[in-house]
Amino acid sequence: LGMFLLLHLFTWQSASWIIRQAKNNPDLYWARDLAAMIQVSLIGYMSAGAFLGLQWFDLFYHLVVIIVMTKLLVQQQVEPKPGPRFAGVPPPENAPALPAGVRSAPLPRWRR
């Protein structure tokens, strides 16, 4: 029972996270609406489960998977993508210049 309730709780929290992250992003309104409607579905599942034997009804597990997949998609859109560490970063303005006549090492062939 505890694991089942924790699954409910974590699904609800993930849906709330999706709603918060997608609130101000017009490209993610679909995710916000989907998460909100899945929360409504969870409430319906819990209320019907109080009166009927729905423990083996697999719709709940489908809702959990949909929330997990939606959260992964929203995370990819919201969080910045890590790129090469120093790619395209200009040297600082106060960096010492190379002495006259000294050239920097050539770039490796794979970096040209």
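Keep in mind that this is a model prediction, so the values were computed, not measured. (Residues numbered from 1 in each chain as written. Predicted model: local features only at pLDDT ≥ 70, side-chain atom pairs only at ≥ 80, totals over all residues. Heavy atoms only, no water.)

Draft legend 1. Structural detail: the side chain of Thr-11. Within the secondary structure layout, Thr-11 lies in helix 1 (residues 2-22). Judged by relative accessible area, which is 4%, Thr-11 ranks as buried. Setting aside anything within four residues of it in sequence, one finds Thr-11 in contact with Leu-42, Val-64 and Ile-67. (Helix = DSSP H or I, 4+ residues; strand = E, 2+ residues; numbered from the N terminus. Buried < 20%, exposed > 50% of the residue type's maximum accessible area, 1.4 Å probe, protein only. Contact = heavy atoms within 4.5 Å.)

Draft legend 2. Representation of helix 1 in the model. Between its first and last C-alpha atoms helix 1 spans 30 Å; for 21 residues at 1.5 Å apiece the expected length is 30 Å, and the two agree. Turning to helix 1, its buried residues are His-8, Thr-11, Ser-14, Ala-15, Ser-16, Trp-17, Ile-18, Ile-19 and Ala-22. On its buried face, helix 1 sits against helix 2 (29-49) and helix 3 (59-78). (Expected span 1.5 Å × (residues − 1).)

Draft legend 3. Examining the packing of aromatic side chains more closely. Applying the stated criterion across every chain, the model contains 3 aromatic pairs. When the ring of Phe-4 is compared with that of Phe-60, the centres are 5.2 Å apart and the planes differ by 55°; the resulting orientation is tilted. Highlighted residues: Phe-4 in helix 1 and Phe-60 in helix 3, separated in sequence by 56 residues. The exposure class of Phe-4 is partly exposed, given its relative accessible area of 26%. Summarising the aromatic geometry, the rings of Phe-60 and Tyr-61 are spaced 5.2 Å apart at their centres and angled 70° between planes, so their arrangement reads as edge-to-face. Classification of Phe-60 by relative accessible area gives buried; the value is 0%. Aromatic ring contacts, followed pair by pair, group Phe-4, Tyr-45, Phe-60 and Tyr-61 into a single cluster. Here the guanidinium or amino end of Arg-32 rests over the ring plane of Tyr-29, the centre of that ring lying 4.4 Å away. (Phe/Tyr/Trp six-rings, centres within 6.5 Å; stacked < 30°, edge-to-face > 60°. Lys NZ or Arg CZ within 6 Å of the ring centre and 35° of its normal.)

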